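# Working through the structure, step by step
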Amino acid sequence: MGRAKMTPVAIAYDFDGTLAPGNMQERNFIPELKLSPAAFWKEVKRHAEEHDMDEILAYMELMLKKANENNVQIMKTSFRNFGKYLKFFPGVNGWFDRITKYGKEMSLSVDHFVISSGLREMIEGSAIGKKFKRVYASGFRYDQHGVAIWPALAVNYTNKTQYLFRINKGIMNSWDNSTINKFVPDDERPVPFENIIYLGDGDTDIPAMKMTCYKGGRAIAVFPPKTRGAKERALRLVEKESRANAAARADYCEGKPLDKIVKSILDEVAARVRGRRAGESSNRR
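The shown structure was predicted, so the numbers you read here are calculated from the model rather than taken from an experiment.

Taken in spatial order, the seven strands make up an open sheet running E4-E3-E2-E1-E5-E6-E7, and their pairing is mixed. The two strands at the open ends of the sheet, each matched to only one other strand, are strand E4 (148-153) and strand E7 (246-249). Neighbour-to-neighbour, the strand axes of the sheet open up by a mean angle of 25°, direction not taken into account. As judged from the four bridges shared by strand E3 (residues 134-142) and E4, these two strands associate in the antiparallel manner. Bridge pairing in E4 links Tyr 142 to Ala 148. The strands touched by helix H10 (residues 230-239) within the sheet are strand E6 (218-223) and E7, with E6 carrying the most contacts at an inclination of about 165°.

The next thing to look at is the environment of Glu 124. Of note, Glu 124 is situated in helix H6 (residues 120-125). C-alpha of Glu 124 to C-alpha of Tyr 252: the two residues are 128 residues apart in sequence and 20 Å apart in space. Setting aside chain neighbours within four positions, we find Glu 124 in contact with Arg 80, Gly 129 and Val 135. Polar side-chain contacts of Glu 124 include one of 3.0 Å to the side chain of Arg 80.

Looking now at the packing of helix H2 (residues 37-51) against helix H3 (residues 55-69). Relative orientation and spacing of two packed helices are given, respectively, by the angle between their axes and the distance between those axes. Running from N to C, H2 and H3 cross one another at 120°; their axes reach a closest spacing of 9 Å. Looking at the two axes, H2 sits oblique to H3. H2 and H3 meet at a crossing whose hand is right-handed. Each of Phe 40, Trp 41, Glu 43, Val 44, Lys 45, His 47 and Ala 48 in H2 lies in contact with H3, whose residues at this interface are Glu 55, Ala 58, Tyr 59, Glu 61, Leu 62, Met 63 and Lys 66. Its residues assigned to classes, the contact of H2 with H3 comprises eight nonpolar, one polar and five charged.

Bringing unusual backbone geometry into the picture now. The backbone of Lys 34 shows a phi angle near 60°, a positive value even though the residue is not glycine. Tracing the backbone shows Lys 34 in the loop between helix H1 (29-32) and H2. For Lys 34, a relative accessible area of 73% gives the class exposed. Look at Asp 52: it is not a glycine, yet its phi comes out positive at around 50°. Mapped onto the fold, Asp 52 is located in the loop between H2 and H3. Residue Asp 52 is classed as exposed on the basis of its relative accessible area, which comes to 73%.

Our focus in this paragraph is H2. Count 3.6 residues to each turn of an α-helix, and residues three or four apart come out pointing the same way. Under the 1.5 Å per step criterion, the end-to-end length of H2 is 21 Å for 15 residues, consistent within 8% with the ideal 21 Å. Inspection of H2 places Phe 40, Val 44, His 47 and Ala 48 among the buried residues, and these make up the whole buried set. Down the axis of H2, the buried side of the element spans an arc of 95°, and every buried residue falls inside it. Turned more than 90 degrees from where H2 packs its buried face, Ala 38, Lys 42, Glu 49 and Glu 50 sit exposed. At its buried positions, H2 is contacted by H1 and H3.

Below, the discussion takes up the pairing of E7. The two faces of E7 differ: Ala 246 and Ala 248 on one face are buried, but Ala 247 and Arg 249 on the other face are not. Sheet topology note: the E6/E7 ladder contains four bridges and is parallel. Looking at E7, one finds that Ala 221 is bridged to Ala 247. Handedness of the crossover joining E6 and E7 through H10: right-handed.

Rules behind the numbers
- Residues numbered from 1 in each chain as written.
- Predicted model: local features only at pLDDT ≥ 70, side-chain atom pairs only at ≥ 80, totals over all residues.
- Heavy atoms only, no water.
- Pairing = 2+ DSSP bridges.
- Helix = DSSP H or I, 4+ residues; strand = E, 2+ residues; numbered from the N terminus.
- Axes fitted to C-alpha atoms, helices over the stretch in contact; angles between N-to-C directions.
- Contact = heavy atoms within 4.5 Å.
- Polar contact = N/O pair within 3.5 Å; in protein donor to acceptor, adjacent residues only side chain to side chain.
- Parallel < 35°, antiparallel > 145°, perpendicular 65-115°, else oblique.
- Left-handed = near helix turned anticlockwise from the far one by under 90°.
- Nonpolar A, V, L, I, M, F, W, Y, C, P; charged D, E, K, R; others polar.
- Buried < 20%, exposed > 50% of the residue type's maximum accessible area, 1.4 Å probe, protein only.
- Expected span 1.5 Å × (residues − 1).
- Arc of directions from axis to C-beta.
- Right-handed = clockwise from strand over helix to strand, strands pointing away.

Here it is, written out as C-alpha cells:
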C-alpha cells in the first residue's frame, strides 16, 4: 500500500490575548518612549475619533509621531529585537510542533498562521515566529536604512476575514488582490474552509470567527486566565451568540481543555477525509 495522501489543515491565531498576554507594544516599545500604556491607548482613541480614522492606523501613526518626538528611530531590526522579549501563555512554546505532529500521525499536514492587528516584525522576531507559515499582521514600510516611515498594512477586526480567504486560496502575501478576488471552485482551493481552525480571544475576532464557522470551519474563543469577565465573554460567543464552536482557557499545555478541543477537531477532519476516500473507492468498484 502507498503512503496516505496528506490533507492540508490550517490553524489561524490572533496574537495579543490569544497566544500572548496583553498588547505587544506595551512590553518594550511604549516604555522606551517614556509613556504609560494607558496614556498611549487613550491618545490613540482620541486621535482616531478626532480624525475619523481606523484605530490601527491611529496607533501606527502615533508610534511614528511619538518616536520622532523622543528622537527614537523605529527600525525593522528594533521591532524584531522587541519581539524577543514577548512572553506567552503556558504551553505555547511547545504547542506548534506537538499539534503538527499529532496531525501528521493522521495524514494531516497542519500549518499555523497568525492574523493580528499587532506588528508583524515583533511577531516574526519572537520565540515562536518561525513556527508560522505566514504572519498576516500590521506593519510599516521601511526606507533603505530600515527605518519605519509609513504604515504599510493595517489589519483590523473586519479585514481579518480576507486573510482567511488568502489561506483558503493559498495566497501567501497581503498585496495580491487579483488572485483573492478570482473565482476558484471550492474543491480546487488548497485549504478547504472546513479544514480551518481559528483561535481568537475577543470582540475584535468576532468577524473572523463567524466567517470561519459560516464556511464550515471551527472557531475557538480563547480567554486569558485571571482576567475578570473573560471567561464569561468567551462562553457568550459560544452559547448565546453562536459565533464560536468552543471556549477554552489560554493554556496550551498537553492534556488541557484547549489541547483536547483542537485535537478532537483534527480527529473529525481525519475521519471525514477517511469517509470520503472510502466512498470514492466504493464508487470506483
